Amino acid sequence: MTRQPHDQLAKEYLEELLAPLGKVETSKDVKSEVQEIDIWFVPTTTAINSQLGLLGKMAVTSCLFEPYRNAPNEVEIRSCLLKLYSVQGDLLREAKREKRSISEAELPFLWILTPTCSEKILEGFGAKAKEGWETGVYFLPKYQKAAIVAINQLSMTEDTLWLRVLGKGRTQTAAISEVVELSKDNDKWKYLVRIFASWRKNLELNSNTNDEEVKELIMSLSPAYIQQCEEWKQEGIEAGRQDGQRLMVESLLAVRFGNLDEELSAIISQLMELSLTDRNQLLLNLSREELLARFKVD
């Protein structure tokens, strides 16, 4: 399986968590000939968000997040470092053009998020544990401004939960189940469950479900999907069949595009006339612009 399905899920998930704390850019191109940055985050406050635990601690300074589904090799880690230094170079050149200074502390830090990490990789990059940080977080030498997070080594606490969701296998499945449980008592986390449920359906419709990696990710997302289906079902029973269908379409639109504005609301009736399969295919595959163009409202 390519990185793409996991990449998109990780980007959407981290964007939702970090957006209240500052400016989040995903899939951002850099000027040099390197691949795009997965997530570039610039905080609006230096206060640690305690609700996000370890992730909140990471997000107190400007930083890049590079999440991996499978452990990156030496070349991939060097590619991440190249992105970091390219971004830093762009910021320094911009500051020079504007005749202002930029401090070392203002330059972004790189967090490489990996499900596992070998001793060979850690030793090769000089990455070491640091006092005051969780087991599993390894910092490269100071002026490289980067760290590797081995998610499978993080302690099984709520403090690490939001990063364990980006792990693999049992680590990820357990973390998603924890988020589902939290969402039952706190509406704040229900939008994450909707993201997971939407992605599980997306994988079923648009990926090779015989691929072992895809199967594993579908299984990890299943607790959230089951929970969300139960909510949709209950909403349908309480509001009546037609109203229940409308609520389901509204939920899918909100999950897919982040909010439900006037333009999207106007095409709901047309979407409800489609079969469930056709409707899901369109909602999960078309962009906002394509969807609005297909269902023009006079």
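Up top is the structure.
A. Spatial organisation of the pattern of salt bridges. Using the criterion set out here, one finds 12 salt bridges in the structure. A salt bridge links K23 to E25; its shortest N-O distance comes to 3.6 Å. With a relative accessible area of 26%, E25 lands in the partly exposed category. Linking D90 and R93 is a salt bridge whose minimum nitrogen-to-oxygen distance equals 2.6 Å. Taken together, the residues span about one helical turn, with D90 and R93 both in helix α3 (residues 74-97) at a distance of three residues. Residue class for D90 comes out buried when judged on its relative accessible area of 18%. Classification of R93 as partly exposed rests on a relative accessible area of 48%.

B. Region of the structure containing the pairing of strand β2 (residues 37-43). Counting buried residues along β2, six of its seven residues qualify, which places the element largely inside the surrounding structure. Note: β2 against strand β3 (residues 63-67), three bridges, orientation antiparallel. Across the sheet, I39 pairs through a bridge with F65, a residue of β3.

C. Representation of α3 in the model. Between its first and last C-alpha atoms α3 spans 35 Å; for 24 residues at 1.5 Å apiece the expected length is 34 Å, and the two agree. Residues of α3 that are buried: I77, C80, L81, K83, L84, S86, V87, Q88, G89, D90, L91 and A95. Residues of α3 that are buried sit in contact with β2, β3, β4 (109-114), α4 (119-124) and β7 (146-150). N-cap assignment for α3: the residue whose side-chain oxygen lies 3.1 Å from the backbone N of V75 is N73. Positive phi shows up at K99, right after α3, with a value of about 55°.

D. Spotlight on the environment of L18. Along the chain, L18 turns up in helix α1 (residues 4-18). Judged by relative accessible area, which is 0%, L18 ranks as buried. When the C-alpha atoms of L18 and A59 are compared, they prove to be 7.9 Å apart, with 41 residues separating the residues in sequence. Excluding its chain neighbours within four sequence positions, the residues that come into contact with L18 are V24, F41, L55, A59 and F65.

E. Seen up close, the layout of surface pockets. Of the voids in this model, the second largest pocket is the one considered here, and its volume is about 380 Å³. If you trace the second largest pocket, you find 19 residues lining it, with T61, F109, K130, F139 and K145 closest to the centre. Going through the elements one at a time, α2 (53-58) and β4 are the ones with two or more residues in the lining of the second largest pocket. Partitioning the lining of the second largest pocket into residue classes produces 12 nonpolar, two polar and five charged.

F. Quick look at empty space enclosed by the protein. Across all of its chains, the model carries one cavity of 30 Å³ or more by this definition. The calculated volume of the largest cavity comes to roughly 40 Å³. Forming the walls of the largest cavity are L21, P43, T45, A47, N49, G56, A59 and V60. For the lining of the largest cavity, the residue count by class is five nonpolar, three polar and no charged.

Procedures and definitions
Residues numbered from 1 in each chain as written. Predicted model: local features only at pLDDT ≥ 70, side-chain atom pairs only at ≥ 80, totals over all residues. Heavy atoms only, no water. Salt bridge = Lys/Arg side-chain N within 4 Å of Asp/Glu carboxyl O. Buried < 20%, exposed > 50% of the residue type's maximum accessible area, 1.4 Å probe, protein only. Helix = DSSP H or I, 4+ residues; strand = E, 2+ residues; numbered from the N terminus. Pairing = 2+ DSSP bridges. Expected span 1.5 Å × (residues − 1). Contact = heavy atoms within 4.5 Å. Polar contact = N/O pair within 3.5 Å; in protein donor to acceptor, adjacent residues only side chain to side chain. 1 Å grid on protein atoms, 1.4 Å probe; cavity = no way out; pocket = protein on both sides within 12 Å on 5 of 7 lines; lining within 4 Å. Points joined across faces, edges and corners; volume = space filled by probe spheres on them. Nonpolar A, V, L, I, M, F, W, Y, C, P; charged D, E, K, R; others polar.

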